[in-house]
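Here is what each chain is made of, one letter per residue.
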Amino acid sequence: MLTHNKVPKSELDARLSALRAALTARDPAWEMVLINNKISLYYLTGTMQDGVLVITPTEATFWVRRYFPRAQEESLFGDLRPHLPDGPEADRVALLLPR
C-alpha cells in the first residue's frame, strides 16, 4: 500500500497567506481568485482532486468535484466541501450540508 505524506496545515496556511500577500501587492482591491489547475491545487490544498479553489481576502474554500472522500483523506486544508450537483438534486444536497 502506498502512503501519502500530508502537507502540514501550517505549510498550507503559509502558502495561502503568501498568495494573498502577492495578490494584495499587485492589486489592493482584489476580491476573488479561482484556481483549478491541479498542480496549483496540490500546492495550496494538499490534494489534486478535481474541483475549484475559491480564495477571497478572508476565506478559502476548495469545492471538490471528484473525489471528495479522497480529498478528505489526503488534505489538511481548512475548508473542503463537495461540489453541489446542478438541477433539482442541488436543493436536496444543500439541505444536508452545514452552513
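Parameters at a glance
- Residues numbered from 1 in each chain as written.
- Predicted model: local features only at pLDDT ≥ 70, side-chain atom pairs only at ≥ 80, totals over all residues.
- Heavy atoms only, no water.
- Helix = DSSP H or I, 4+ residues; strand = E, 2+ residues; numbered from the N terminus.
- Contact = heavy atoms within 4.5 Å.
- Polar contact = N/O pair within 3.5 Å; in protein donor to acceptor, adjacent residues only side chain to side chain.
- Salt bridge = Lys/Arg side-chain N within 4 Å of Asp/Glu carboxyl O.
- Buried < 20%, exposed > 50% of the residue type's maximum accessible area, 1.4 Å probe, protein only.
- pLDDT = per-residue confidence, 0-100.
- Phe/Tyr/Trp six-rings, centres within 6.5 Å; stacked < 30°, edge-to-face > 60°.
- Lys NZ or Arg CZ within 6 Å of the ring centre and 35° of its normal.

Draft legend 1. The arrangement of the environment of Asp-79 in detail. With respect to the helices and strands, the residue Asp-79 is situated in the loop between helix H3 (68-74) and strand E4 (80-82). Each C-alpha atom of the pair Asp-79 and Thr-45 lies 9.3 Å from the other, and the pair is 34 residues apart in sequence. Each residue touching Asp-79, except ones within four places of it in the same chain, is listed here: Ala-60, Thr-61 and Phe-62. A polar atom in the side chain of Asp-79 sits 2.9 Å from the side chain of Arg-81.

Draft legend 2. Seen up close, the pattern of salt bridges. The tally for this structure, following the rule as stated, stands at five salt bridges. Between Glu-74 and Arg-70 there is a salt bridge whose closest N-O contact spans 2.6 Å. Taken together, the residues Glu-74 and Arg-70, both in helix H3 and four residues apart, mark about one turn of the helix. Residue classification places Glu-74 among the buried residues on the basis of a relative accessible area of 10%.

Draft legend 3. Layout of the confidence of the model for the protein. Mean pLDDT over the protein stands at 86; residues scoring 70 or higher make up 81%. Ranking the elements of the protein by mean pLDDT puts helix H4 (residues 88-96) last, at 50, and helix H1 (residues 9-26) first, at 97. In the predicted structure, residues 93-99 sits below a pLDDT of 50 and forms six contacts with residues beyond four places in sequence or in another chain.

Draft legend 4. The arrangement of the environment of Gly-46 in detail. With respect to the helices and strands, Gly-46 occurs in the loop between helix H2 (38-45) and strand E2 (50-55). A relative accessible area of 2% places Gly-46 in the buried class. Residues Gly-46 and Leu-12 lie 34 residues apart in sequence; the distance between their C-alpha atoms is 7.3 Å. Aside from chain neighbours lying at most four places away, what touches Gly-46 is His-4, Val-7, Leu-12, Leu-41, Glu-74 and Ser-75.

Draft legend 5. Looking closely at the side chain of Thr-61. By the element assignment, Thr-61 lies in strand E3 (residues 60-66). In terms of polar contacts, Thr-61 uses its side chain to reach the side chain of Asp-79, at 2.9 Å.

Draft legend 6. Representation of the packing of aromatic side chains in the model. Under the defined criterion, the tally for this structure stands at zero aromatic pairs. Directly above the aromatic system of Tyr-43 lies the positively charged group of Arg-15, at a separation of 4.3 Å from the ring centroid.

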